[in-house]
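Architecture and fold: a report
Each chain is listed here by its residues.
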Amino acid sequence: MQMGFELPELDRKKTQEAVESALEKYRIFKMVAFEEREGSLTAGYTERAHGPTNVTSDQTAQIAIHNVDVPAARRAFCIKLERVVAKLHPKERLLIEERYMKDDYVYDWTVYQQIFNPPISGGTYQKIRWKAFYKLALALDIAVEKGEAE
């Protein structure tokens, strides 16, 4: 008895968009500092047309929760993505790190002509990139299968 397991067939375009979106989110989280919220010291008037709502609001607690949870979620996302990328094949890892995880405005041709040593062709670059995207999409659970695409 053999257990059968097949890798899913992914929608290339939508999966690539999802992975590039996740990598862009990573780059933004790394580059942009988190701005903490602060409590308001002045009282604000809230008009209520109909009686009390029986809801108590604790502004300080909500701000404290936001100031702790959001940076923690950002860190967790970045760590998860870095761990997944670290498990890729060295060529795939080089491509993803240089093209998507470092600076903005790095172009594909720059990576395959100047960063890869020896330089590779555009077609080979596309194949390596798709393999890396396929693995990242499955590992990050953002893969878009062919049937789901519609």
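Remember, predicted model here, so these are calculated numbers, not experimental data.

Calculation criteria
- Residues numbered from 1 in each chain as written.
- Predicted model: local features only at pLDDT ≥ 70, side-chain atom pairs only at ≥ 80, totals over all residues.
- Heavy atoms only, no water.
- Helix = DSSP H or I, 4+ residues; strand = E, 2+ residues; numbered from the N terminus.
- Contact = heavy atoms within 4.5 Å.
- Polar contact = N/O pair within 3.5 Å; in protein donor to acceptor, adjacent residues only side chain to side chain.
- Expected span 1.5 Å × (residues − 1).
- Buried < 20%, exposed > 50% of the residue type's maximum accessible area, 1.4 Å probe, protein only.
- Arc of directions from axis to C-beta.
- Patch = residues over 30% accessible without salt bridge, like charges linked within 9 Å, V, L, I, M, F, W, Y side chains within 5 Å.
- Areas by Shrake-Rupley, 256 points an atom, 1.4 Å probe, with all protein chains shown as cover.
- Salt bridge = Lys/Arg side-chain N within 4 Å of Asp/Glu carboxyl O.
- Phe/Tyr/Trp six-rings, centres within 6.5 Å; stacked < 30°, edge-to-face > 60°.
- Lys NZ or Arg CZ within 6 Å of the ring centre and 35° of its normal.

1. Regarding the environment of Arg-99
Looking at the secondary structure, you find Arg-99 in helix α3 (residues 90–101). A sequence separation of 12 residues divides Arg-99 from Val-111, and the C-alpha atoms of the two residues are 6.6 Å apart. Sequence-distant contacts of Arg-99, defined by excluding residues within four places in its chain, comprise Arg-27, Val-106, Tyr-107, Asp-108, Val-111 and Tyr-125. A polar contact of 3.0 Å, which involves the side chain of Arg-99, links it to the backbone oxygen of Val-106. Among the polar contacts listed, one links the side chain of Arg-99 to the side chain of Asp-108, at a separation of 2.7 Å.

2. Structural notes on helix α1 (residues 12–31)
Residue pairs spaced three or four apart in an α-helix point in one direction, given the helix's 3.6 residues per turn. The end-to-end C-alpha distance of α1, which contains 20 residues, comes to 28 Å, matching closely the 28 Å that a straight helix rising 1.5 Å per residue would cover. Regarding α1, the residues found buried are Thr-15, Val-19, Ala-22, Leu-23, Tyr-26 and Arg-27. Seen from one end, α1 has its buried residues packed into an arc of 140°, which puts them on one side. Relative to its buried face, α1 has exposed residues pointing more than 90 degrees away, namely Lys-13 and Met-31. On its buried face, α1 sits against α2 (59–86), α3 and α5 (122–140). If you check the start of α1, you find a side-chain oxygen 3.2 Å away from the backbone N of Lys-13, and it comes from Asp-11.

3. What to know about helix α4 (residues 108–115)
Within α4, the full set of buried residues consists of Thr-110, Val-111 and Tyr-112. Taken together, the buried residues of α4 touch α3 and α5.

4. Notes on a nonpolar patch on the surface
Judged by side-chain polarity, Phe-5, Leu-7 and Leu-138 come together as a nonpolar surface patch covering roughly 360 Å² of accessible area. Along the chain, Leu-138 turns up in helix α5. When its relative accessible area of 34% is taken as the criterion, Leu-138 is described as partly exposed.

5. Observations regarding the packing of aromatic side chains
Considering all chains together, one arrives at 4 aromatic pairs under this definition. Between Trp-130 and Tyr-134 the ring centres are 6.1 Å apart and the planes differ by 70°, which places this aromatic pair in the edge-to-face class. Here Tyr-134 and Trp-130 lie together in helix α5, a separation of 4 residues that amounts to about one turn. In this pair, the class of Trp-130 matches that of Tyr-134, namely buried. For the cation-ring pair, Lys-25 lies above Phe-77, with the distance from its terminal atom to the ring centre recorded as 4.6 Å. For the cation-ring pair, Arg-99 lies above Tyr-100, with the distance from its terminal atom to the ring centre recorded as 4.7 Å.

6. Focus: the pattern of salt bridges
Counted by the stated rule, this structure contains 8 salt bridges. Between Asp-108 and Arg-99 there is a salt bridge; the shortest N-O distance is 2.7 Å. For Arg-99, a relative accessible area of 17% puts it in the buried group.

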